[in-house]
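# Notes for the structure review
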Amino acid sequence: MGMKVSPDVLACFCKNIFSEAGAPEPVADVVAQSLVYADLRGVESHGVVRTPIYLRRVIEGMIDPHRALRIEQDSGATVLVDGGNNFGAYVGLCALDLAIERARRNGACVLGVKGSNHYGTGAFYASRAVQQGMVLIAASNASQTMPPTGGIRPFLGTNPLTVGFPTGNDKPFILDMATSLVARGKIIMAAKRGKPIPTGWAVDQAGLSTNDAVAALDGAVLPVGGAKGFGLAMAIDILSGVLTGAGYGPGVKNMYENWMEPQNVGHFFILVDVSKFMPLNTFESRVQDYISLLKQEPCNAETKEILYAGEIERRLEVKRRKDGIELPHQVATDLMAIGEQYGLELVCLSS
């Protein structure tokens, strides 16, 4: 059985862990908020389950939580920043805020990031952008876990893509997807729970389909849509890695296996200020009309309601903010063990 925890308590607990490990409080807070936000939205693969590996990379010197972002190129509407090997969530949020400010000034901003780390769930950034009346397209590369079409060996990451639009209500459109059939973190969660994975998610080291989560972690996850997913992942790698000066392909180091080199992850943000096209409330009204038309579409016999990207996650977020987050037993055990090392207690609502 798992353990139910208040989101605020969980965020404070994780923040204190990172602070005890040497991260400045503002950095620790952003990272903790990013992890808990993922759990709130049901994306447990990018939630507090990542706390132990983030912590270890700080302890091993693979993340430098004290470095500030540095602007390397700046034309006003285009910016390139070096994240200084700080936490990916902190680098990503600082970069996003800079891009929002530039988009407000220029109408749009294209911002690239190098020298970063795993930046968590893209919805974390989309939520902030849409609250500012911005359209966001965000991408990040990742360490190699996915083979090219026809290949056996992992060559590129699950390279996520995020798109966000304000809707004028508390349920923005947020498409947040890995270019793999599933995020590798879901396989990690299945392995922790001792559960099998569905056929088609991954292959083992021999390139054969497997239902064994552990074998899948030793093998490779598969792209969504076959060659189309591979092509999209490669395009994201070029934008986030090649264009920014970050790592790309095998040049993005594995955060679970490489303890000699920083990851050098790259991110790519495109921000558009809606008000430079039309008044924000006009745009939101048009989006709401679009959604209304969508909701009126007939459903098949197995579907009660047509949903758009981000709607399920937002409903779950509202529920979990009220009722708490249910942590799997192993995740809760791992967090409590870390807490004991620093004299911190994770207070639960129930177990």
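Since we're looking at a predicted model, the values are computed, not measured.

By way of backbone hydrogen bonds, the strands of a sheet pair with one another, either parallel or antiparallel. Strand order in the open sheet formed by seven strands is β2-β3-β4-β10-β5-β6-β7, with mixed pairing between adjacent strands. Among the strands making up the open sheet, the edge pair consists of β2 (70-74) and β7 (173-177). Between one strand axis and the next, the sheet turns through 15° on average, direction left out of account. Summarising the sheet, strand β4 (residues 108-116) and strand β10 (residues 265-273) pair through seven bridges and their orientation is antiparallel. Across the sheet, Ser116 pairs through a bridge with Val265, a residue of β10.

The buried fraction of strand β3 (residues 78-82) amounts to four of the five residues, a majority that puts the element mostly inside the structure. Across four bridges, β2 lies against β3 in antiparallel orientation. Bridge pairing in β3 links Ile71 to Val81. Here β2 folds back onto β3 in antiparallel fashion, the turn holding three residues, of which Gly76 has a positive phi close to 100°. Pairing of β3 with β4 involves five bridges; the strand directions are parallel. Looking at the pairing, Leu80 lines up with Gly112 of β4. Between the parallel pair β3 and β4, the chain is carried across by helix α4 (residues 88-106), and the sense of this crossover is right-handed.

Our next topic: the layout of surface pockets. Put simply, the largest pocket is a space of about 730 Å³. Looking at the lining of the largest pocket, the elements with two or more residues in it are β7 and α6 (184-193). Of the residues that constitute the lining of the largest pocket, the class distribution is 17 nonpolar, 17 polar and six charged. Taken as a whole, the second largest pocket holds about 470 Å³ of empty space. Around the second largest pocket, the lining is made up of 29 residues, and of these Tyr37, Ser127, Arg128, Gln131 and Glu317 lie nearest the centre. Going through the elements one at a time, α1 (7-20), α2 (25-40), α5 (123-131), α9 (280-295) and α10 (311-323) are the ones with two or more residues in the lining of the second largest pocket. No other element matches α5, which puts five residues into the lining of the second largest pocket. Here the lining of the second largest pocket is built from residues that sort into twelve nonpolar, eight polar and nine charged.

To continue, consider the nonpolar core. Formed by 65 residues in total, the largest nonpolar core has its most connected members in Leu10, Phe18, Phe87, Leu111, Phe269, Leu271 and Leu327. The leading source of residues in this core is α4, at ten residues.

We now examine the packing of α2 against α5. Taken N-terminus to C-terminus, the directions of α2 and α5 make an angle of 100°; their axes are 9 Å apart at the nearest point. Between α2 and α5, the angle falls in the class roughly perpendicular. Every residue of α5 that contacts α2 at Val30, Gln33, Ser34 and Tyr37 is listed here: Ala123, Phe124 and Ser127. When its residues are assigned to classes, the contact of α2 with α5 shows four nonpolar, three polar and no charged.

Applying the stated criterion to the full structure yields 24 salt bridges. For Glu305, the salt bridge goes to Lys295, with nearest N and O atoms at 3.1 Å. Of this pair, Glu305 sits in the loop between α9 and α10 while Lys295 sits in helix α9, and the two are ten residues apart along the sequence. For Lys295, a relative accessible area of 30% gives the class partly exposed. Sharing partners across several salt bridges, the network here consists of Arg41, Asp170, Lys171, Arg314, Glu317 and Arg321.

What counts, and where the lines are drawn
- Residues numbered from 1 in each chain as written.
- Predicted model: local features only at pLDDT ≥ 70, side-chain atom pairs only at ≥ 80, totals over all residues.
- Heavy atoms only, no water.
- Pairing = 2+ DSSP bridges.
- Helix = DSSP H or I, 4+ residues; strand = E, 2+ residues; numbered from the N terminus.
- Axes fitted to C-alpha atoms, helices over the stretch in contact; angles between N-to-C directions.
- Buried < 20%, exposed > 50% of the residue type's maximum accessible area, 1.4 Å probe, protein only.
- Right-handed = clockwise from strand over helix to strand, strands pointing away.
- 1 Å grid on protein atoms, 1.4 Å probe; cavity = no way out; pocket = protein on both sides within 12 Å on 5 of 7 lines; lining within 4 Å.
- Points joined across faces, edges and corners; volume = space filled by probe spheres on them.
- Nonpolar A, V, L, I, M, F, W, Y, C, P; charged D, E, K, R; others polar.
- Core = buried A, V, L, I, M, F, W, Y, C linked by side-chain atoms within 4.5 Å.
- Parallel < 35°, antiparallel > 145°, perpendicular 65-115°, else oblique.
- Contact = heavy atoms within 4.5 Å.
- Salt bridge = Lys/Arg side-chain N within 4 Å of Asp/Glu carboxyl O.

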